[in-house]
Structures are given as structure tokens and as C-alpha cells.
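# Fold and contact review
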Amino acid sequence: MHLRCVDCSTRHPAEMLYACTACGGILEVADPAVLDPAAAVTLGEGDTPLHRADRLAAAIGFAGTVLIKDETVNPTGSFKDRAVAAAVSRARAMGLDGIVCASSGNAGASAAAYAARAGLPCIVVVPALTPSEKVTQIAAYGALLLQVEGHYSNSYRVGLEIARRHRFANVTTTYLNPWGVDALKTVGRELHDATIGAPPDWVLVPTGAGPLVKGVVQGFRERAPARMPRLAAVQAAGCAPVVRAFAAGERVVRAWGAPTTFASGISDPLIGYERDGTHTLDLVRATGGLAVAVSDAAIRSAMQALARFEGILAEPTGASSVAALATLAADGRVAAGARVACLVTGHGFKDLKAWRELPAHTRRLATDEDPAGAVDAMLAERAAQPALPRIAAS
Ligand SMILES: [Zn+2]
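Small disclaimer: the values here were computed from a predicted structure and weren't measured.

## Focus: helix 11 (residues 296-310)
One turn of the α-helix equals 3.6 residues, which is why residues spaced by three or four share an orientation. Spanning 15 residues, helix 11 covers 20 Å between terminal C-alpha atoms, matching the ideal 21 Å at 1.5 Å per step. Following helix 11 by one or two positions, Gly-311 adopts a phi angle in the positive range, close to 75 degrees.

See below:
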């Protein structure tokens, strides 16, 4: 068991390393990672459902098949549990003193929960403007929470400093922690195993730095390399460094400026670890895929469509994959009739402010009001409203 640099192929021992000591490149787990079962920390992450979403497909006006990989049902409400469970388990096996995680919120909630389960202290670093539900969740698990001014890349830098000065494992879910990234291949494996006979043509992945892209690619490479779907890395138009490089035909991803999107989970300008974006772009291109940006307005429509047509409550980042499908189907980059798997990465409970700003049918019943009459009035109001607007292509 060892680690390998994706850039220079140098082999490294199976330790808590975050970068190649020869070239500074990204490390990956080179062969099957064996873990002492006594060190394993789990809350039941992974093995999430794959739903066929015909009503959603109709709402988008897409003639193909839509599959929703619902990662919101993970123990803390996002796919990050897969990576963090593995990284915390590895930290415990190596006898490290604690956990540190720089996060836009979801990985921090995972780190706090799995550290609690492991009996390890945990420090989580988040941007000051992280949605309050994510902040509350992290604090509830007992982690020490540092809120840092500015965008995610500032928090990332603070996380590195803390990990350097304490004997804590850094489980930040960029490409930093190879043990965490390696566990994301379970997403690719599960997608493959659930679609034998009719594999997806496309997998649409909400993308910040991009380890989840790698997870899908690695899972399929392991199971059936000849049946690799094309991957689409989905970013918000207000923070789209990978999309910008893809659209310009550039080989290297450059950092974004100040992000302007409400999708906190993919609001990552990659400042100081631009290499992550380039690695993700390489992986996407290797599958014949693409990178696509979606507007916040399109994400809002996708959130509503997922909830109202399929019963799945997603946070903005989680619904971005569905917004991307609407865009790609409208412009023909995804062919009519294609089979498309959308990863829905995080639960709607993680960002209730985003939901409170969307229209709803609610009414306060007056003490002496007839409930049946009130419902009749509400039904009439709803019938008079136009149907949910088609998800705007962005
Ligand atoms: Zn290297």
C-alpha cells in the first residue's frame, strides 16, 4: 500500500501526506487501501439510492432518461461523508491527535460528526458567510469552529496552517487528502453497479475543486473502463474556473476572482491550489466530457423541480447538476434520448435561506376560519398560477 504522485509518478509511503515531496503534485492512493477494521469510523455513509426521474425529465423537456444519484441521504446530508469517513479512519489508524477541515460547510459537518464518532478533537474552518444551517450543524457535533473572512480559499489556507502546527489530520476535501479522495470512487462503483445493462451516457457532477469527478472516473475505471460515461463538471456561473479553461481550450486552470453565487458548496475560486482544477479538467477531457456553468436562476428552478416533481430536497449546489442537464439538453450537447445521471450532492436542510426565498403555498389559518374553505381558496390560487417555469437554460 502506498501513495503515488499524479504528476511525476513518484511513490510515497502510506502516510498522511498532502502533496508530492518531489514536485508538489497531487497524491493518489496507488493500490487497494487496506485499513485496520478496528480503526474504521462509520455512520453508514454511501450506498445511496439511484432514482429514475421521469417527471423531472418531462419538466426539463428532456426526452432521454434522467437518473438521480441521491447523496442527500448520507448521515450528515452530503456526499462528503464518504471522503471524510475514510480520511478520519486513516487518521485514527495512524494515531494522529485530531482532525482539521477547511470547508464551505458540508465537509466541515462531516469532519465534525466523524471526529465525534472517533473520539477525536476537531477544528473546522469555514468562510464567514457560510449558510447558518451548516454552521449550526458543525457546532452541534462539538467541533471548534473558526469563521474566516472572505471566500473559501482563505479558509483553505488557514486549515493548512493549523494542520502544520498541530498533529492533526487535514481532511479538507479538495485533492489535498488522498485517503479521502480515494473513497469517492465508491460513487462511481455504485453508479456502475446500479446501471449494468444500461450504463449512463453522461454523469453530471457539481464541481468545486473536483474530487467527486475523480471518484466517478475511478469507480468506472475499476469496474468497466470500456463503459466509461462522459463526465460534465458543473460549476456556478459566478465561480467557474474549470469551465472558463475548458471553454477557452486551455490546458491549465487559473484561479477565479471573487465568487458571486449562492451555491456555497461549489463557490471555490481555487486560489493557491489551481492545480486541482487542472487535474479535474484533465479527467473530464479524458472521458470526452465537458465543463458547463449554470446561473443561480437556473439552479433555483432546478431546486424547485427536484422537490416538486421527485420529492428530493437539495441545496443549491446539489441541484446544479439538474440545472446543467436543462442547459445541455437545450443546446444539444446532451443528445435527446441519452441516459443521464445527475449527482445531487447535498440536502436542502443545509441552506434553508435559499428555500425561504422561493415561492410557497402557505396560509395562516385564522381562529374562526373554516379550514375547508381556506383550502378551497388555496387550491383556487394555485390553479390560477402558471405551472412551474421550465428550468431556464443558462
Ligand atoms: Zn510528484
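## So, the coordination of the zinc ion
Ligation of the zinc ion by protein atoms is provided by Cys-5 (SG), Cys-8 (SG), Cys-20 (SG) and Cys-23 (SG), these donors lying 2.2 to 2.4 Å from the ion. Around the zinc ion sit four donor atoms, and with donor-metal-donor angles ranging over 102 to 116 degrees the site reads as tetrahedral. Residue classification places Cys-20 among the buried positions, given a relative accessible area of 4%.

## What about the sheet that holds strand 3 (residues 27-29)?
Neighbouring strands of a sheet are bound in pairs by backbone hydrogen bonds; such pairs are parallel or else antiparallel. Read across the open sheet, the three strands follow the order 2-1-3; overall the sheet is antiparallel. Either end of the sheet is taken by a strand with one partner, and the two such strands are strand 2 (11-13) and strand 3. Pairwise comparison of adjacent strand axes, ignoring direction, gives a mean angle of 35 degrees for this sheet. Pairing of strand 1 (residues 2-5) with strand 3 involves three bridges; the strand directions are antiparallel. Residue pairing in the sheet places Leu-3 in a bridge with Val-29 of strand 3.

## Quick notes on the domain arrangement of the protein
When the domains of the protein are assigned, the result is domain 1 (1-32), domain 2 (50-77 + 188-354) and domain 3 (80-180). With centres defined by C-alpha atoms, the gap from domain 2 to domain 3 works out at 24 Å. The interface of domain 2 with domain 3 comprises 30 residues on the first partner and 20 residues on the second. Roughly 1,900 Å² of surface becomes buried between domain 2 and domain 3 when both sides are summed, with 50% attributable to carbon and sulfur atoms.

## A few points about the pairing of strand 1
Across three bridges, the pairing between strand 1 and strand 2 is antiparallel. Counted as the bridge partner of Leu-3 is His-12 from strand 2.

## A few points about the environment of Ala-30
Counting through the fold element by element, Ala-30 comes out in the loop between strand 3 and strand 4 (50-52). A relative accessible area of 23% means that Ala-30 is categorised as partly exposed. Considering only alpha carbons, one finds Ala-30 and Pro-13, 17 residues apart in sequence, at a separation of 10 Å. Residue contacts for Ala-30: discarding those within four places in its chain leaves His-2, Leu-3 and Arg-4.

## What to know about the sheet that holds strand 8 (residues 144-148)
Taken together, four strands build an open sheet; the order of strands is 8-7-6-9 and the sheet is parallel. Two strands bound the open sheet, and with one partner strand each, they are strand 8 and strand 9 (168-170). Adjacent strand axes in the sheet meet at a mean angle of 20 degrees when their direction is disregarded. Here strand 6 (residues 98-102) pairs with strand 7 (residues 122-127) via four bridges, running parallel. Each residue of the ladder has a partner; that of Ile-99, found in strand 7, is Cys-122. Helix 3 (residues 106-118) rests against strand 6 and strand 7 of the sheet, and its axis sits at about 170 degrees to strand 6.

Conventions used here
- Residue numbers here run from 1 along each chain, matching the order of that chain's written sequence.
- Reporting in this predicted model follows two pLDDT cut-offs: at least 70 for local features of residues, and 80 or more for side-chain atom pairs to be given and counted; totals over whole chains, interfaces and linings ignore these cut-offs and use all residues.
- Only hydrogens and water are set aside; all other atoms, that is, all heavy atoms of the structure, feed into the side-chain values.
- Only DSSP runs of H or I covering at least 4 residues are called helices, and only runs of E covering at least 2 are called strands; the numbering of each starts at the N terminus.
- Here a helix's expected span is defined as the number of its residues, less one, multiplied by 1.5 Å.
- Excluding water, the donors of a metal are its N, O and S neighbours within 2.8 Å, or within 3.2 Å for Na, K and Ca, and that exclusion means sites may look incomplete.
- By the criteria applied here, four donors are tetrahedral when all angles lie between 85 and 135 degrees, four are square planar and six octahedral when opposite donors are over 155 degrees apart and every other angle lies between 65 and 115, and any other arrangement is irregular.
- Burial classes: relative accessible area under 20% of the type maximum marks a residue as buried, over 50% as exposed, and values in between as partly exposed (1.4 Å probe, protein chains only).
- One requirement defines pairing of two strands: DSSP has to find at least two bridges between them.
- Fitted lines through C-alpha atoms give the axes, limited to the stretch in contact for helices. The angle between two N-to-C directions lies from 0 to 180 degrees.
- Domain borders in the structure are assigned automatically or taken from a domain database.
- The contact criterion used is simple: two residues touch if any of their non-hydrogen atoms lie within 4.5 Å.
- In this description, buried area is defined as the sum, over both parts, of the accessible area (probe of 1.4 Å) that is lost when the two are combined.

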